[in-house]
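Take a look at the letters that make up each chain.
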Amino acid sequence: MQAQLTHLQTQALTAINASDSLEQIEQLRVRYLGKKGELSAVLGGMGKLAAAERPLVGAMANTVKEQIESALQQQRTHLETQAIQAQLAREAVDVTMPGRFVPQGHRHPMQQTIDRVTDFFIGLGFSQADGPHVETDYYNFEALNFPPDHPAQDMHDTLYLADKRLLRTHTSSVQIRYMETHDPPVRIVVPGGRVYRKDALDATHSPNFHQIEILAVDDRITLADLKGILVLTIEELLGKRPMRFRPSYFPFTEPSVEVDIWWEAPGKPGRWMEVLGAGMVHPNVLKHVGYDPEQVQGFAAGLGVERLTMLLYGIDDIRLLYTSEKRFLAQF
Ligand code: DAH
């Protein structure tokens with residue numbers, strides 16, 4: 001019987017070590033250790049043994065059983081580890097493989113100009129303000145000191161709606177709306193407001209364009225403050241450029257200036273391009289909103305977003321800014 005047990009053990013261990021799947025191991029367990037398995041079959045013969053032999057054979061049978069059990073467990077662990085390793089190898093990520101190209105969008109060049117100029121003024125302590133595109137004559141002209149029927153109103157070829165309201169011709173209307181509802185001191189920037197004029201579309205004009213409006217009102221504001229801030233704004237956006245302040249006229253400022261920047265598009269003769277209008281807020285405008293011009297003064301400016309963007313990137317035709325041509329926009 002001892003020989004039988006030894007034989008059984010050798011046979012079982014060999015089979016277990018040769019097994020290559022978990023099902024096979026389970027089958028071997030049933031075959032050798034199951035209730036009707038081979039070990040039970042051998043032990044079934046115990047009754048025929050002499051009483052003295054029984055403990056010896058019993059102990060041996062236990063050892064065989066333990067050996068087989070431990071071999072089964074070892075082989076199970078071995079196969080499981082192998083399976084996991086195979087899976088890891090299968091699913092390994094090859095970090096050297098070239099990535100898939102996902103094109104990224106970015107802000108429109110005009111939005112970049114708007115954001116940079118707005119951020120600059122926010123950094124100086126200005127707040128953001130906004131106003132409606134459909135305006136009344138009062139906010140667009142009258143409160144800004146345009147006399148009724150004054151030829152200055154012809155400066156803006158205005159688009160009127162059927163109900164006498166109009167599409168704002170400039171963002172200066174926001175000055176009035178803001179001052180009406182806020183006491184001085186005032187420091188606002190109107191970022192990238194759309195404005196409308198009956199202009200014909202050409203390389204530097206569009207019937208629909210964008211302005212950034214600036215307004216500061218306080219008790220000791222001078223033309224020097226305006227000039228300093230405008231020079232800094234242009235330098236911040238465009239770097240140092242040939243730039244000139246030219247006396248001008250707007251009904252809502254006195255004195256008034258315009259700023260030109262030297263512009264050279266490739267292959268064309270250079271010229272000055274007007275990029276903004278500005279000035280000291282006219283006393284009549286301050287009176288219209290209930291401010292006392294003896295107590296406060298202000299400066300204001302309206303910057304042309306399209307033209308600044310053209311200068312920033314060397315774009316020689318305003319119309320390009322209104323295309324959605326991705327190959328064009330991707331350059332900026
Ligand atoms: N609103 C003027 C325009 O559209 C630009 C302008 C000039 C704005 C002088 C201002 C200013 O705030 O003070 O032509």
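Residues numbered from 1 in each chain as written. Predicted model: local features only at pLDDT ≥ 70, side-chain atom pairs only at ≥ 80, totals over all residues. Heavy atoms only, no water.

**Topic: helix H5 (residues 109–123)**
Next up, step 1: Along its 15 residues, H5 runs 21 Å from first to last C-alpha, staying within 8% of the 21 Å computed at 1.5 Å per residue.
Next up, step 2: Within the sequence span of H5, burial applies to Pro109, Met110, Gln112, Thr113, Ile114, Val117, Thr118, Phe120 and Phe121.
Next up, step 3: Residue Gly125 follows H5 closely and has a positive phi angle near 100 degrees. (Helix = DSSP H or I, 4+ residues; strand = E, 2+ residues; numbered from the N terminus. Expected span 1.5 Å × (residues − 1). Buried < 20%, exposed > 50% of the residue type's maximum accessible area, 1.4 Å probe, protein only.)

**Thoughts on the domain arrangement of the chain**
Next up, step 1: The domains assigned to the chain are domain 1 (2–90) and domain 2 (109–329).
Next up, step 2: Put simply, the middle of domain 1 and the middle of domain 2, counted by C-alpha atoms, are 92 Å apart. (Domains from an automatic or database assignment.)

**Overview of the pattern of salt bridges**
Next up, step 1: Applying the stated rule across the entire model yields 13 salt bridges.
Next up, step 2: Measuring nitrogen to oxygen at the nearest pair gives 3.0 Å for the salt bridge that ties Glu258 to Arg246. Placement of the pair is Glu258 in strand S7 (residues 253–263) and Arg246 in strand S6 (residues 243–250), with a sequence separation of twelve residues.
Next up, step 3: Glu258 sits in the buried class, given a relative accessible area of 11%.
Next up, step 4: Residue Arg246 is classed as partly exposed on the basis of its relative accessible area of 27%. (Salt bridge = Lys/Arg side-chain N within 4 Å of Asp/Glu carboxyl O.)

**Regarding the side chain of Thr233**
Next up, step 1: Along the polypeptide, Thr233 turns up in helix H8 (residues 223–238).
Next up, step 2: For Thr233, a relative accessible area of 3% gives the class buried.
Next up, step 3: Of note is the side chain of Thr233, whose polar atom sits 2.6 Å from the backbone oxygen of Ile229.
Next up, step 4: Excluding its chain neighbours within four sequence positions, the residues that come into contact with Thr233 are Val117, Phe120, Phe121 and Leu303. (Polar contact = N/O pair within 3.5 Å; in protein donor to acceptor, adjacent residues only side chain to side chain. Contact = heavy atoms within 4.5 Å.)

**Looking at the site of the ligand**
Next up, step 1: Surrounding the ligand, one finds 15 residues, the nearest of these being His170, Ser172, Arg197, Gln211 and Glu213.
Next up, step 2: Contacts to the ligand include Gln175, whose side-chain N or O atom sits 3.1 Å from an oxygen atom.
Next up, step 3: The separation between an oxygen atom of the ligand and a polar side-chain atom of Gln211 is 2.8 Å.
Next up, step 4: For the ligand, whose accessible area on its own is 350 Å², the fraction buried by protein is 94%. (Near = heavy atom within 4 Å. Areas by Shrake-Rupley, 256 points an atom, 1.4 Å probe, with all protein chains shown as cover.)

**Remarks on the packing of aromatic side chains**
Next up, step 1: Inspection of every chain in the model, using the stated rule, returns nine aromatic pairs.
Next up, step 2: Where Phe120 meets Phe121, the ring centres are 5.4 Å apart and the plane angle is 85 degrees; that geometry is what we call edge-to-face.
Next up, step 3: Note on Phe120: relative accessible area 16%, which makes it buried.
Next up, step 4: Classification of Phe121 by relative accessible area gives buried; the value is 1%.
Next up, step 5: Aromatic side chains Phe141 and Phe146 sit 4.9 Å apart centroid to centroid with 75 degrees between the ring planes, which places their arrangement in the edge-to-face category. An identical accessibility class is assigned to Phe141 and Phe146; each is buried.
Next up, step 6: Chaining the aromatic ring pairs together yields one cluster made of Phe141, Phe146, Phe250 and Phe252.
Next up, step 7: In this structure, Arg177 is placed above the aromatic ring of Tyr139, and the distance from its NZ or CZ to the ring centre is 3.9 Å.
Next up, step 8: Taking NZ or CZ as reference, Lys227 lies 5.3 Å from the ring centre of Phe245, over its face. (Phe/Tyr/Trp six-rings, centres within 6.5 Å; stacked < 30°, edge-to-face > 60°. Lys NZ or Arg CZ within 6 Å of the ring centre and 35° of its normal.)

**What to know about the packing of H5 against helix H10 (residues 305–313)**
Packed helices, taken two at a time, are described by the angle their axes make and the gap between the axes.
Next up, step 1: At their nearest, the axes of H5 and H10 sit 9 Å apart, and the two run at 105 degrees to each other. Taken as axis vectors, H5 and H10 run roughly perpendicular relative to one another. For the pair H5 and H10, the contacting residues are Pro109, Met110, Gln112, Thr113, Ile114 and Arg116 in the first and Val305, Glu306, Leu308, Thr309, Leu312 and Tyr313 in the second.
Next up, step 2: When the residues that make up the contact of H5 with H10 are grouped by side-chain class, the tally is seven nonpolar, three polar and two charged. (Axes fitted to C-alpha atoms, helices over the stretch in contact; angles between N-to-C directions. Parallel < 35°, antiparallel > 145°, perpendicular 65-115°, else oblique. Nonpolar A, V, L, I, M, F, W, Y, C, P; charged D, E, K, R; others polar.)

**Remarks on the environment of Ser40**
Next up, step 1: Structurally, Ser40 can be placed in helix H3 (residues 38–43).
Next up, step 2: In this view, Ser40 contacts Gly34 and Lys35; residues no more than four positions away in its chain are not counted.

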